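Tertiary structure, described
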Amino acid sequence: MSAPRSRCACGNIKSKWLSDCTQCASRKRIARISEACAIIEKGKCPTCGAGLRRNNSMAGWWQCEQLGADTHRKDASKPSCNFQTFTE
């Protein structure tokens, strides 16, 4: 007798090491990227309202201008913001 198969919340068979099946994981990834792209199009941080800038260290990495130490923020007089997102 074989061991019971691990199933996703949608009912599809999934890997026992993953939380979602391939189809659900793909849908969640597309939704996450779509949400990130909508934020980038607006050009404003959803947390603090500051502008966004691209970090070229990795493809699709966007950060709030107020992220980091005082020397790296656009306006050191305003508090730090930790918003970051990926579009790729």
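Structure: above.
Note that this is a predicted model, so its numbers are computed, not measured.

Thoughts on the nonpolar core
Listed in full, the nine residues of the largest apolar core are Ile39, Ile40, Cys45, Ala50, Leu52, Trp62, Cys64, Cys81 and Phe83. Counting residues per element, the ones that place at least two in this core are helix H1 (22–42) and strand E2 (61–64). If near-sequence neighbours (up to four positions away) are discounted, Phe83 is found in contact with Ile39, Cys45, Pro46, Thr47, Leu52, Trp62, Gln63 and Cys64.

Quick look at the environment of Lys44
Relative to the helices and strands, Lys44 resides in the loop between H1 and strand E1 (52–55). Considered as a pair, Lys44 and Asp20 are 24 residues apart in the sequence and their alpha carbons are 32 Å apart.

Considerations on the sheet that holds E1
Read from one edge of the open sheet, three strands run E1-E2-E3, paired in antiparallel fashion. Of all strands in the sheet, those with a lone pairing partner are E1 and strand E3 (84–86), marking the two edges. Recorded for the sheet is a direction-independent mean angle of 30 degrees between the axes of neighbouring strands. One ladder, built from four bridges, connects E1 with E2; its direction is antiparallel. Each bridged residue has a counterpart across the sheet, and for Arg54 the counterpart in E2 is Trp62. Helix-sheet contacts for H1 involve E1, E2 and E3, and the interaxial angle to E3 is about 120 degrees.

Thoughts on the state of the cysteines
Using the criterion set out here, one finds zero disulfides in the structure. Counting only cysteine sulfurs, Cys24 is the nearest neighbor of Cys10, a cysteine outside any disulfide, at a range of 3.6 Å.

Describing the packing of aromatic side chains
One pair of aromatic rings is described through two measures. These are the centre distance and the angle between the planes. Within the structure shown, the criterion is met by one aromatic pair. Taken together, a centroid distance of 5.8 Å and an interplanar angle of 15 degrees make the contact between Trp61 and Phe86 stacked. Here Trp61 is found in strand E2, whereas its partner Phe86 is found in strand E3, with 25 residues between them in sequence. A relative accessible area of 37% places Phe86 in the partly exposed class.

Thoughts on the side chain of Gln63
If you trace the backbone, Gln63 turns up in strand E2. A relative accessible area of 8% means that Gln63 is categorised as buried. Reaching out from Gln63, the side chain makes a polar contact with the side chain of Gln84 at a distance of 3.3 Å. When near neighbours in sequence (up to four residues on either side) are disregarded, Gln63 contacts Gly51, Leu52, Arg53, Asn55, Phe83 and Gln84.

Rules used throughout
Sequence order as written defines the numbering, with residues in each chain counted from 1. Local features are withheld for residues below a pLDDT of 70 in this predicted model, meaning they are given only at 70 or higher, and side-chain atom pairs are given and counted only at 80 or more; totals for whole chains, interfaces and linings count all residues. As a convention, hydrogens and water are excluded, and side-chain values are obtained from all of the structure's heavy atoms. Here, nonpolar core means buried Ala, Val, Leu, Ile, Met, Phe, Trp, Tyr and Cys residues that are tied together by side-chain atoms lying within 4.5 Å of each other. Between buried and exposed lies partly exposed: a residue is buried under 20% and exposed over 50% of the maximum accessible area for its type, with that area taken using a 1.4 Å probe on protein chains only. Each helix is a run of DSSP H or I of at least 4 residues and each strand a run of E of at least 2, with the numbering of both proceeding from the N terminus. In this analysis, two residues are considered to be in contact whenever any of their non-hydrogen atoms come within 4.5 Å of each other. The rule for pairing is simple: two strands pair if DSSP sees at least two bridges between them. Each axis is a line fitted through C-alpha atoms, and for a helix only the stretch in contact is used; angles between axes span 0 to 180 degrees, taken between their N-to-C directions. Note on terminology: disulfide denotes any pair of cysteine sulfur atoms within 2.5 Å. The rule is short: rings of Phe, Tyr and Trp, with Trp giving its six-membered ring, pair when the centres are within 6.5 Å, and they are stacked under 30 degrees, edge-to-face over 60, tilted in between. Counted as a polar contact is a pair of N or O atoms within 3.5 Å, where, for protein atoms, one must be capable of donating a hydrogen and the other of accepting one, and residues adjacent in sequence contribute only when both atoms are in side chains.

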